[in-house]
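This is what each chain is made of:
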Amino acid sequence: MKALYAHCGITKQAHYQQLSRAVSWQQKEAVMVGLMLQIREIHPGMGLRTMYEIYAPEGIGRDAFISIGLHYGFRVKAFGNETRTTFSSPYARYPNLLSDRIIQGVNQVWTSDLTYFRLGNRFAYIVFIMDVYSRLIVGYWVAEHMRAENNLQALQRAFRKRGTRQFAHQLIHHRPATRSDRGGQYISELYTQALAKAQVRISMCQLVYENAHVERVNGTIKNQYLAHWNITSFAQLQKRLKQAVEAYNESKPHTALGKKSPQAFERYVSQLPRKERPRMRIWTENSAQITDPNQCIIPF
């Protein structure tokens, strides 16, 4: 063996050190892959960079972590949108109540949107209602049609989740106007009556530059959860949607929330004195150029 080491130009000690490093790296790879598998079980669409930034695994750099993930096939598949469900419209029937508003707690602004999910050669339609302050999905509903009762079901679920049906005019329900809003889901008589009965104020934008807050949630649920499961029936979609919303609310970290999930963030701020809770401004893009108070954008 001495002659072999000499022929290769290495020492016996260097050989065993190299073997030790190789074994150590294999063990580290196994640990990292196990971590990735556990995360993807709950969050099937979470990217490798996000995994690293959120979970901060010890003893490995970001690039090495991503390299291991790519080597073992953890690249996230991208999914594109095919059908639009909302459009800008000049038919808003309610004023925009959110321009330059500062919020400092939950149940101050909810926003809602409608999206779709393809099931073979047909679509199912999903309604989300989100608390803007915490990003928590407070209500949702899925149906095989786009009728107004879907939105009402999501709203009733939101009321149940928040444990109250009276908001003393402190809550604003915001929704951009759409082409369908001349008689659509969000200004249907049943829906607006339910909001009025709960003492919730209604707000709308007339020109939709962006509905980033809830549209981002739409994309997250569809592209990071539902699209990664083999969903072939409406019953499967109902079951998986519930699973996705629970995973998102309970354990999906948000960098904007201090790497906390929506539920963890709500628990955190509930323990703070009201004056010390984080303040979030809802502002109008290019406000110096915009004079119409119905034009708005609500970014994260």
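Keep in mind it's a predicted model, so treat the numbers as computed, not measured. Chains are numbered independently. Their residues run from 1 in the order of the written sequence. Under the rules for a predicted model, residues below a pLDDT of 70 receive no local features and side-chain atom pairs below 80 are neither given nor counted, while totals for whole chains, interfaces and linings still include all residues. With hydrogens and water excluded, all non-hydrogen atoms of the structure serve as input to the side-chain values.

A. Summary view of the packing of helix H5 (residues 148–162) against helix H6 (residues 189–197). Think of each axis as a best-fit line through the C-alpha atoms, taken over the contacting stretch in the case of a helix, with angles from 0 to 180 degrees between the N-to-C directions. Numbering of helices and strands starts at the N terminus; helices are DSSP runs of H or I of at least 4 residues and strands are runs of E of at least 2. Contact pair H5 / H6: the axes reach a minimum separation of 9 Å and the direction vectors enclose 15°. By the angle between their directions, the pair H5 and H6 is classed as roughly parallel. Both H5 and H6 take part in a crossing whose hand is left-handed. Residues Asn 151, Leu 152, Leu 155, Gln 156 and Phe 159 of H5 pack against Leu 190, Tyr 191, Ala 194 and Leu 195 of H6. The scheme is simple: roughly parallel for angles under 35 degrees, roughly antiparallel for over 145, roughly perpendicular for 65 to 115, oblique for anything else. The handedness criterion is simple: a crossing whose near helix is rotated anticlockwise from the far helix by less than a right angle is left-handed, and one whose near helix is rotated clockwise is right-handed. Between two residues, a contact is recorded if the distance between any of their heavy atoms is within 4.5 Å.

B. Quick peek at H6. Summary of the burial criterion: residues with accessible area below 20% of their type's maximum are buried, those above 50% are exposed, and those between are partly exposed, where the area comes from a 1.4 Å probe applied to protein chains only. Buried within H6 are the following residues: Tyr 191, Thr 192, Ala 194 and Leu 195. Looking straight down H6, one finds that the buried residues subtend no more than 155° of arc, so they occupy a single side. H6 presents Glu 189, Leu 190, Ala 196 and Lys 197 as exposed residues on the side facing more than 90 degrees away from its buried surface. Positive phi shows up at Gln 199, right after H6, with a value of about 60°. The directions considered for the arc are those from the helix axis to the C-beta atoms.

C. Here's a closer look at the environment of Gly 219. Along the chain, Gly 219 falls in helix H7 (residues 212–224). Along the chain, Gly 219 and Thr 115 lie 104 residues apart, while their C-alpha atoms are 9.0 Å from each other.

D. Representation of the pairing of strand E3 (residues 122–131) in the model. Among the 10 residues of E3, 8 are classified as buried, and the element is accordingly described as predominantly covered. In textbook terms, the turn of a hairpin is the stretch between consecutive antiparallel strands, and for strand E2 (residues 109–119) and E3 this stretch comprises 2 residues, one of which, Gly 120, has a positive phi near 65°. For two strands to pair, DSSP has to find at least two bridges joining them. One ladder, built from 6 bridges, connects E3 with strand E4 (residues 137–143); its direction is antiparallel. Counted as the bridge partner of Ile 129 is Gly 139 from E4. Turn length for the E3-E4 hairpin, with the two strands adjacent in sequence and antiparallel, is 5 residues, and the turn residue Arg 135 shows positive phi of about 65°.

Functional significance is not addressed by these values, which are geometric in nature.
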